[in-house]
Amino acid sequence: MHGNVAIDGPAGAGKSTVARLLAQKLGYLYIDTGAMYRALTWKALQLGIDLSDEEKLVSLAVVTTIKLENTAGGTIKVYCDGVDVTAAIRQEKVSNHVSIVARIPGVRRRLVELQRQMAASNRVVMDGRDIGTNVLPEAPYKFFLTASLEERARRRYQELIVSGREVDLETIKEEIRRRDARDSQREVDPLQPAPDAEIIDTTNMGVDEVVSKLVELIKARTKDPLQSSCLR
Ligand code: CDP
């Protein structure tokens, strides 16, 4: 039985940072499934594909190679057909279109298949929207991270400002709100907590605090003493 960890939640809840640090602590592989949907969206935009053409996007998903690499420094690199797209997939243009691509059932089938393959041969911390409900329903540890819309927008704003972008807080808030609505209301694998997920409101919590809380919860639920001794 794998000790996989599934982390879901809306945009800007801090999933990626928390999941990456938790994976480092546990010595697991970190899989950022959002980066995979972003990479495909980036490619579709590059090729000028009409995003309402579902068939074309499904074919694109089937022929595209997406690779995630955990580097020794603890960061992750994302490759699309061998091209390093780590920075490109964070562009606002990609952020604003990704949930349109991600709601297509055939696209999801393809990417979920890749995600399950990665989890079959490694112990993983995987983050996304449907990990606990659909990708890894058997994962023994499931968390759903949330925070108020204001706080999530503030965090995203801060990130973008630090990376030198000129952005407006209200615009960011509106974009996040729209993306969350699309992710929660879509027909296939909508954003929602798995019935057995622990819901954690991170509005007033720092990253290290959230990571420590998850480690504590995992330890408390881990019956196998060998497994819990791996947790620092
Ligand atoms: O990091 P951020 O919260 O901005 O989002 P992300 O994790 O990079 O995911 C980007 C988008 O991909 C989400 O808004 C969803 O539309 C889609 N996604 C999904 O549908 N299913 C997943 N498992 C992960 C992401």
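For the structure itself, consult the block above.
Since we're looking at a predicted model, the values are computed, not measured.

Attention now moves to the packing of helix H2 (residues 33-46) against helix H5 (residues 105-120). Contact geometry of H2 with H5 gives a least axis separation of 11 Å together with a crossing angle of 140°. Classified by the angle their axes make, H2 and H5 are oblique. Considering how the two elements wind past one another, H2 and H5 form a crossing that is right-handed. Counting all contacts with H2, which are made through Thr33, Met36, Tyr37 and Leu40, the residues of H5 involved are Val107, Arg108, Leu111, Val112, Leu114, Gln115 and Met118. Grouping the amino acids of the contact of H2 with H5 by side-chain chemistry returns 8 nonpolar, 2 polar and 1 charged.

Attention now goes to the site of the ligand. In the neighbourhood of the ligand, 21 residues make up the surrounding shell, with Arg38, Arg108, Arg156, Arg179 and Asp183 lying closest. Between an oxygen atom of the ligand and a side-chain N or O atom of arginine 38, the distance comes to 2.7 Å. A distance of 2.7 Å separates an oxygen atom of the ligand from a polar atom in the side chain of arginine 108. Taken by itself the ligand offers 530 Å² of open surface, and the protein chains cover 99% of this. Elements represented by at least two residues in the shell around the ligand include exactly helix H1 (15-26), H2, helix H4 (92-101) and helix H8 (169-185). Considering only residue class, the shell around the ligand consists of 5 nonpolar, 6 polar and 10 charged.

Each strand in a sheet pairs with another by means of backbone hydrogen bonds, the pair being arranged parallel or else antiparallel. The 5 strands are arranged E2-E6-E1-E7-E8 in an open sheet whose pairing can be described as parallel. Across the chains shown, the open sheet's two edge strands, defined by having one partner strand only, are strand E2 (29-32) and strand E8 (198-201). Adjacent strand axes in the sheet meet at a mean angle of 20°, parallel and antiparallel pairs treated alike. Here E2 pairs with strand E6 (residues 124-128) via 4 bridges, running parallel. Of the residues in E6, the one forming a bridge with tyrosine 30 is valine 125. Each of strand E1 (5-8), strand E7 (141-146) and E8 is contacted by helix H9 (residues 207-221), which is oriented at about 155° to E7, the strand it contacts most.

What counts and how
- Residues numbered from 1 in each chain as written.
- Predicted model: local features only at pLDDT ≥ 70, side-chain atom pairs only at ≥ 80, totals over all residues.
- Heavy atoms only, no water.
- Axes fitted to C-alpha atoms, helices over the stretch in contact; angles between N-to-C directions.
- Helix = DSSP H or I, 4+ residues; strand = E, 2+ residues; numbered from the N terminus.
- Parallel < 35°, antiparallel > 145°, perpendicular 65-115°, else oblique.
- Left-handed = near helix turned anticlockwise from the far one by under 90°.
- Contact = heavy atoms within 4.5 Å.
- Nonpolar A, V, L, I, M, F, W, Y, C, P; charged D, E, K, R; others polar.
- Near = heavy atom within 4 Å.
- Polar contact = N/O pair within 3.5 Å; in protein donor to acceptor, adjacent residues only side chain to side chain.
- Areas by Shrake-Rupley, 256 points an atom, 1.4 Å probe, with all protein chains shown as cover.
- Pairing = 2+ DSSP bridges.

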